[in-house]
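# Close look at the chain arrangement
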Amino acid sequence: MKNPDSTPAAGGPQITRRSVLRGALNTAGGLAAFAAAVSPLRDLDRDELTLERFLQKHYKEMTPDEKDRALQRIAAEVERRYAARPELRDLPAMDGVEFAYALNLGRCIGCRRCVHACVAENNQSRDPEVQYIRVLELPRGSVDVERADHYYDRPAVPDPDHFYMPVQCHQCANPPCVKVCPVEATWQEPDGVTVIDYDWCIGCRYCEAACPYFARRFNFAEPSVPREKLNTDMTYLSNRPRRKGVMEKCHFCLQRTRAGRMPACLEVCPVGARNFGNLLDPDSQVAQILKTKHVLVLKQEANTLPRFFYYFDEDFPRNRGSAPARGSEAHRKGLSLTVLNPQAAQSLPGRGRGGPA
Amino acid sequence: MSTAQPSTRGAWVAALMGPAFASLAAWFIWGPALTRLPVGKPAVVPDAALSTAARRTTVGDPPTILINNFRRTCTDCHRIFDVAARPEGDRLQHAHVKLEHGINDRCQNCHNYRNMNELVLYDGGAVTYSEAPRLCQKCHGLIFEDWERGIHGRVSGAWTSELGPVQRLRCIECHDPHQPRHPAMDPLQPLPGPATLRMGTPPAGGAHAPELREGDPLRRALLHPQLSGNNRTERAQHEKP
Amino acid sequence: MKTYLTFLWRCFRMSFNGDWRYHTWMFVLTAIALLGLNAYCRQLVHGLVMTGMTDQVSWGMYIANFTFLVGMAAAAVMLVIPVYVYRNRDLHDLVIFGELLAVAAIIMCLLFVLVDLGRPDRFMHIFWRFNFPISMLSWDVIVLNGYLLLNLHICGYLIYCAYRRVPPSQYFYVPFVFIAIAWAISIHTVTAFLYVGLGGRPFWNTAIIAPRFLASAFAAGPALIILTLQIIRRFAGVHVADRSLLLLRNIVTVALTINMFLLVCELFTEFYTDSAHVASTVYLYFGLHGYAALVPWIWTAVALNTAALVILYLPLTRSLQSLNAACLLMIVGIWIEKGMGLIVPAFIPSPLGEIVEYSPTANETLICLGIWAFGLLLYTIMVRITVPVLSGQLTINADSGGSPARAPHLEEV
C-alpha cells in the first residue's frame, strides 16, 4: 500500500510551472466556491448586527440609564420598521401583586375571540401566524387532550357534543421552562409572570421542549405585523415586536396589567368565561373563584403549580335539550314558575285559571 | 494498488478540481432554492369580532318606543290594553318576542302587569328597568351573588378598583332576557395548521377518531346513550314476566 | 514557540499532501461541507423556517445527530480504558485514533448545536449570564467543551512530543487521560439528563435513558473505531493487529447486548403499563391515530441492531468482513434509534395532544451532511498528520514533506 509520504521525492522533478498554475487555479476555485457558499449572507438584516445591539446587557443587569438607551434604540428600530412611534416603556412589577387567571370551562364557547384579541394586542406575527392561546375542542366526558381538536372550524360554536378549553401560558410557580434556559433569558417576575428578554434569548428552544402546556412559541421566520395593525402601547418585557429566532409566549398582557388594566383576552370574551386578578387580594376575582368554585389545574402531575386555573360553576345547560321547550311535558302539567310563589300568584288577577289551554 | 497510475490520475483530479469548485460556486449563486418557505395565509379577522363593547344595547327606563314619531312608554298603550285582565291573551304588538327562558314561560313572571313600565318581584313589588339584575336575582340567586362578587359576567377596565374604573356589565347587556342562552357564534378562523404548515397529511377518517377508545365506559355512555338505555329497558322487560 | 509554529505550519502543509485518492476524498468532503455551509447561510438569513421543525416538534435532525455524536465522542474511552486501566499493549498505539475521533465528533456536536440555535449571533450570552448549575444545557456546554479540550491536549501533546522525538512526560498527560475517562461518561450522561429531566415529555422522562445512551454509545462508537482502524490500516499503512480489532469486537458485543436488553426493559414498562404516557412510544413503533412516519425507521433500526447482534454472536465474525458488516449495521441502527427514534417521538403527540409529524427538509439535510463532511475532513486531516508523525517520518529533524522548500508538493498528487 502506498504511503503518500513515502514517495516525497517522486514529485520532485515534476515541479513545473503548470503544476503551480494548477495549484493556484484550484485554490482560487476553492475560495470562489467558499465565497459563493456564504453569499446568501448579503441578505442578512443589518439592524440585527449593530455593535449596540451586540453589547446590550441582560435586562436584569442594565442600569436605569442603560435601560433607557436600550428602550430608545428599540423604539427607533420599531419606528424604522413600522413607521409608527411606539410608546415603549419598562413597567416594573407592582408590590403585593401576584397575578392569576381563572377560566370557566362551563361557559367558554370556543369562539376564538381571545386568540385573535391576543394576537392584535401583543403584536404577534400574522404571517406566519403565531398565537399564544390555543382553544381545544374536547368531546364531552374527557379531558384527554389527545382527543382534542385544535383546528375545529364549524359554522357555529358551541357544538353541543363538545366543550372548549383554551390553553395559554400557565405562569407556573414552578416553571420547567425557566429551569432549563441556559442563558437565563426567561425568568419569573415578582408578580408571578414568566417573561422573556427577547434580546437575550439564543433560540435553543429547550424551554419549548420543557413546557408541558405547549405555551411557548418560536419565531421560525421573521415575524410580520402589518404596519397599521401595530399596537404601539408596548413594554420591554411584553409585546414589543420580536425578531426571528427567539421565543415568545403569553405574559398576561403586562403592558396592560401592570398599568392596572385587564388582559386583552379577558376583555374580548363574549361570555365572560375569563377572570383575572391579584391572588394576594382576597377580594379579587380570582381569589373569590378559588375560594368558592371547584377549581382544577391542567396536568397537576407535572407539579408546575400553575397560576392559571380552570373551573366549572353551576351546570350551565347549553347542551342539547337543556331547556324544556314550550309544550313539553312539564308545561302540559301546568307546572309554571309562578306557582312556586302562591302569594304572588294570588296577587295577580286571572292566576286562578290554571294551566294553558 | 499499482503505482504506475497515480500521476495520471492525480493530474486528472488536479485538473478537475478547479472547474468542479467553480461549478459549485455557480450552483450556490444561481441554483434553485431547495426549500419552499411553508408560510400559510394569515387569518382574516374583522375588527368588529374583537370589539369589547357590550353585546346588547339595553332598553331605557322606562322602555320607550317610537310610534308615529311620538315616543311612548309601555303604559301609554297598556293603559288601554289591560294585560292584567287577559294575561293569556295574544301578544299583539309583541308577537316577535320569542320566549325561550327555560320553564319561565309567562310574561307576568317578570313584567308587572299592573304597571307595565316596571318589572315585578315574587311578592308583587316593583323593580325598575334600570335595576334589572334584581329581577334576575329572584330566580338566579347564586349567579347574582357571583355577579355581585365580580366573578360572573364580563368585566373590563381595571382588575382592581384601586387602579381605575372597573366596568361590569349588567345581566341584560349580555343576555337577552327572553332568550338568555348565548346565541351560537361563528368561531374565528383556526390556524392553517402548525405555524409552519408542516403537518403530515391526515389519514382517512381524520386524526381524532373518537371511536378509538370505545372501551371507555364513559365515552360509550356519552356517544351512544341509546346503548345503555336499551340495555336497561331490555333488562326491565326480562324482569317483568 | 517558533518550533511549535513551524510544527503547525508543517501540519498544515501536510494536510494538502497525499495521493490522488486522498485528494479526491478531500475534495468530495470539502464540496459537501461547502454545500452545508451554503445551506446554513440560507438558514441564517431566512430563519429556522428552512427546517422541518415546528413549534410542535421543536427539535429535529440537528439535535438527533448531536445526540448520536456525543455517543461517538464518549466511545473513545472504550479504547482508553483497556490501555490505561488494563495495560493492553495491542491497543496502545491505536488509542490516539480513538481520541482524535472524539475530537472530531465533539466538534461536530458543537456545530450541530450551533446550527440548531435561532440566534447563533448571541452565542456569547452563555459567558455573561450562564444558568449553571440549574440548566442541563449549561452543563452540556461545560462537559462538551471540557472534553474537547482534554482530548485536544492529550492528542496534541502526544503528537507534538513524537514530532520533537522526546518521550512524553507522564505527568503531562496520564492524569488527563484518567480525567477524560470519567469525563467521557459524564458527557453522555449529561446529554441524557438534558432530555430525562423534562417532566412534560413522558417519553424522555425515564431513568433508563442515560444507561441506554451509554450502552448504545459503547456499541456504535467502538464499531465506528473498528471500521476506521481498518481504513487507516489499509490506506495509511499503520499496523493494526487483528487481536486489537477482536478485543473491540468483544466490547461492542457486550455493549450492544446491554443496549438491546435495556430497550426491552423500556418497551415492557411502557406497553405493559399501557397508561396515557405510552402515546409517544405507540407512535414510534406502531403509529398513532393513523400517523406513522417513524414506524418504518424504528423497525429498520430494530432489525439492523438485531442482525448485528446475531452476527456478533455467531462464530463467523472471527472473519473481519462479517465483523465489518455487523459494525455497519449497528452504527446505522443506533443512529436511527438515538436520533429520529429518540428525539422526534418525544414531541409527538405534543403536550396538548396534537400530532404533527416531522421530516427534515432538503436544506436541513444538506446542513447535516455538511457537518458530517466537515467532521470527516477534520478527522482525515488529523490522521493524515498523526500517522507520519508517530511513525517518525515527520519530525523536527527529518522533515519529509512539509517544508516550504517543497511547497509544490501540494500539486504532486
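Residues numbered from 1 in each chain as written. Chains lettered and ligands numbered in written order. Predicted model: local features only at pLDDT ≥ 70, side-chain atom pairs only at ≥ 80, totals over all residues. Heavy atoms only, no water.

## Brief notes about the confidence of the model for chain C
All names here are of chain C. Just so we agree on the cut-off: For every residue, the pLDDT score states the predictor's confidence, bounded by 0 at the bottom and 100 at the top. Between two residues, a contact is recorded if the distance between any of their heavy atoms is within 4.5 Å.
Of all residues in chain C, 96% attain a pLDDT of 70 or more, and the chain-wide mean is 89. Predicted confidence is poor over residues 400-413, with pLDDT under 50, and the contacts of this stretch with residues over four places away or in other chains come to 33 contacts. Across the interfaces of the predicted complex, the ipTM metric reaches 0.91, alongside a pTM of 0.88.

## Thoughts on the environment of Asn104(A)
Residue and element names in this part refer to chain A. Selection rule: Helical segments are the DSSP runs of H or I of at least four residues, strand segments are the runs of E of at least two, and each set is numbered from the N terminus. Buried residues are those whose accessible area, probed at 1.4 Å on protein chains only, stays under 20% of the maximum for their type, while exposed residues exceed 50% and partly exposed ones sit between those limits.
Looking at the secondary structure, you find Asn-104 in strand 2 (residues 99-104). On the basis of relative accessible area, Asn-104 is assigned to the buried category, the value being 1%. Separated by 62 residues in sequence, Asn-104 and Pro-166 have C-alpha atoms that sit 9.9 Å apart. For Asn-104, the contacting residues outside a window of four places in its chain are Ala-273, Tyr-311, Phe-312 and Asp-313.

## Looking at a nonpolar patch on the surface
All names here are of chain C. Under the convention used in this document: Without a salt bridge and with relative accessible area above 30%, a residue can belong to a patch; like charges are then joined within 9 Å and nonpolar side chains (Val, Leu, Ile, Met, Phe, Trp, Tyr) within 5 Å. Computed with the Shrake-Rupley method and a 1.4 Å probe, the accessible areas treat only the protein chains shown as cover for residues. We count a salt bridge whenever a side-chain nitrogen from Lys or Arg sits within 4 Å of a carboxyl oxygen from Asp or Glu.
Taken together, the side chains of Met-1, Tyr-4, Leu-5 and Leu-8 make up a nonpolar region of the molecular surface, amounting to roughly 440 Å² of accessible area. With respect to the helices and strands, the residue Tyr-4 is situated in helix 1 (residues 2-14). Accessibility expressed as a relative area gives 36% for Tyr-4, which makes it partly exposed.

## Quick notes on the interface of chain A and chain C
Accessible area lost upon the coming together of the parts is a frequently used measure of interface size. Using the following cut-off: Accessible area, probed at 1.4 Å, shrinks when two parts are joined; the buried area is that loss added up over both. Within 3.5 Å is the distance limit for a polar contact, defined as a pair of N or O atoms, with the added protein rule that one can donate a hydrogen and the other accept it, and that residues adjacent in sequence qualify only through two side-chain atoms.
On the side of chain C, 67 residues touch chain A, which itself brings 70 residues to the contact. Of the roughly 5,900 Å² buried at the junction of chain A and chain C (both faces included), carbon and sulfur atoms supply 58%. Joining chain A to chain C, the criterion identifies five salt bridges. A salt bridge links Asp199(A) to Arg122(C), with the shortest nitrogen-to-oxygen separation between them at 3.9 Å. The interface formed by chain A and chain C includes 29 residue pairs in polar contact (both at pLDDT 80 or more). Secondary structure elements with two or more residues in the side of chain A that touches chain C: helix 1 (17-37), helix 2 (51-55), strand 3 (134-139), helix 5 (176-180), helix 6 (206-210) and strand 7 (216-218) of chain A. The element contributing the most residues to the side of chain A that touches chain C is helix 1 of chain A, with eight residues.

## Some thoughts on unusual backbone geometry
Val157(A) connects to Pro158(A) through a cis peptide bond whose omega is 0°. Mapped onto the fold, Pro158(A) is located in the loop between strand 3 and strand 4 (162-167). Following Phe132(C), the chain continues into Pro133(C) via a peptide bond in cis, with omega recorded as 5°. Tracing the sequence through the fold places Pro133(C) in the loop between helix 6 (125-128) and helix 7 (136-164).

## Remarks on the sheet that holds strand 10 (residues 274-278) of chain A
Residue and element names in this part refer to chain A. The condition is simple: For two strands to pair, DSSP has to find at least two bridges joining them. Every axis in this analysis is a line fitted to C-alpha atoms, fitted for helices over the stretch in contact. Angles between the N-to-C directions lie between 0 and 180 degrees.
Here four strands make up an open sheet; going across it, the order is 10-2-12-11 and the pairing mixed. In the strand order of this sheet, the two ends are held by strand 10 and strand 11 (294-296), each with one partner. Direction aside, the axes of adjacent strands within the sheet are offset by 30° on average. Relative to strand 12 (residues 308-312), strand 11 is paired through three bridges, and the arrangement is antiparallel. Paired with Leu-296 across the bridge in strand 12 is Tyr-310. Those strands touched by helix 9 (residues 285-292) are strand 2, strand 10, strand 11 and strand 12, and its axis lies near 110° from that of strand 10.

## Some words on the packing of helix 2 (residues 20-46) of chain C against helix 14 (residues 362-390) of chain C
Residues and elements named next belong to chain C. This is how it is decided: Angles are sorted into four bins: roughly parallel if under 35 degrees, roughly antiparallel if over 145, roughly perpendicular if 65 to 115, and oblique for all others. Should the near helix be turned counterclockwise from the far one by less than a right angle, the crossing is left-handed, whereas a clockwise turn marks it as right-handed.
For the pair helix 2 and helix 14, the least separation of the axes is 7 Å and the interaxial angle reads 140°. Taken as axis vectors, helix 2 and helix 14 run oblique relative to one another. Relative to helix 14, helix 2 is oriented so that their crossing is left-handed.

## Quick word on the packing of aromatic side chains
Rules: Ring pairs are drawn from Phe, Tyr and Trp, using the six-membered ring of Trp, whenever the two centres fall within 6.5 Å, and their geometry is named by plane angle: stacked under 30 degrees, edge-to-face over 60, tilted for the rest.
What the rule picks out here adds up to 40 aromatic pairs over all chains. Geometrically, the ring pair formed by Phe21(B) and Phe27(C) is edge-to-face, given 4.9 Å between the ring centres and 80° between the ring planes. Taken together, the residues Phe21(B) in helix 1 (residues 6-30) and Phe27(C) in helix 2 connect one chain to another. Looking at Phe27(C), the relative accessible area reads 18%, which means it is buried. The interplanar angle of 45° and the centroid separation of 4.9 Å between the aromatic rings of Tyr195(C) and Trp204(C) together place this pair among those described as tilted. In this pair, the class of Tyr195(C) matches that of Trp204(C), namely buried. Here the aromatic cluster, defined as three or more aromatic residues joined through ring pairs, consists of Phe99(A), Tyr101(A), Phe252(A), Phe276(A), Phe308(A), Tyr310(A) and Trp159(B).

## So, the side chain of Arg129(C)
With respect to the helices and strands, the residue Arg129(C) is situated in the loop between helix 6 and helix 7. Among the polar contacts made by the side chain of Arg129(C), one reaches the side chain of Glu61(A) at a distance of 2.8 Å. Discounting residues that sit within four places of it in the chain, Arg129(C) has contacts with His58(A), Lys60(A), Glu61(A), Pro182(A), Val183(A), Glu184(A) and Trp200(A).

## Quick notes on the nonpolar core
Condition: Buried Ala, Val, Leu, Ile, Met, Phe, Trp, Tyr and Cys residues that are joined via side-chain atoms within 4.5 Å together make up what is termed a nonpolar core.
One finds Phe97(C), Tyr195(C) and Trp204(C) to be the most contacted residues of the largest nonpolar core, which totals 164 residues. Take this core: its biggest share by element is 15 residues, from helix 7 of chain C. Each residue touching Phe97(C), except ones within four places of it in the same chain, is listed here: Leu229(C), Ile232(C), Val238(C), Tyr379(C), Val383(C) and Val387(C). Leu138(A), Phe252(A), Met262(A) and Leu266(A) belong to the second largest nonpolar core, which has 65 residues in total.

## Quick notes on the packing of helix 3 (residues 61-74) of chain C against helix 9 (residues 209-235) of chain C
All names here are of chain C. Our working rule: Each residue gets one label: Ala, Val, Leu, Ile, Met, Phe, Trp, Tyr, Cys and Pro are nonpolar, Asp, Glu, Lys and Arg are charged, and the others, such as Gly, are polar.
The geometry of helix 3 relative to helix 9 is characterised by a closest axis approach of 7 Å and an angle of 70° between their N-to-C directions. Relative to helix 9, the element helix 3 is oriented roughly perpendicular. Two packed elements cross with a definite hand, and for helix 3 against helix 9 that hand is right-handed. Together, Thr-67, Phe-68, Gly-71, Met-72 and Ala-74 of helix 3 and Phe-213, Ala-217, Phe-218, Ala-220, Gly-221 and Leu-224 of helix 9 make up the contact between the two elements. Residue composition of the contact of helix 3 with helix 9, by class: eight nonpolar, three polar and no charged.

## Observations regarding the pattern of salt bridges
Opposite charge on two side chains allows them to pair when their charged atoms are near. One pass over the structure, following the stated rule, counts 43 salt bridges over all chains. Salt-bridge contacts for Arg56(B) lead to Asp176(B); the nearest nitrogen and oxygen are separated by 3.9 Å. You can see Arg56(B) sitting in the loop between helix 1 and strand 1 (64-67) and its partner Asp176(B) sitting in the loop between helix 5 (171-174) and helix 6 (217-223), a full 120 residues away along the chain. Between Arg79(B) and Asp76(B) there is a salt bridge, with its nearest N and O atoms 3.3 Å apart. Note on Arg79(B): relative accessible area 65%, which makes it exposed. On the basis of relative accessible area, Asp76(B) is assigned to the partly exposed category, the value being 24%. Sharing partners across several salt bridges, the network here consists of Asp45(A), Arg53(A), Arg73(A), Glu77(A), Arg81(A), Asp197(A), Asp199(A), Glu222(A), Arg240(A), Arg243(A) and Arg122(C).

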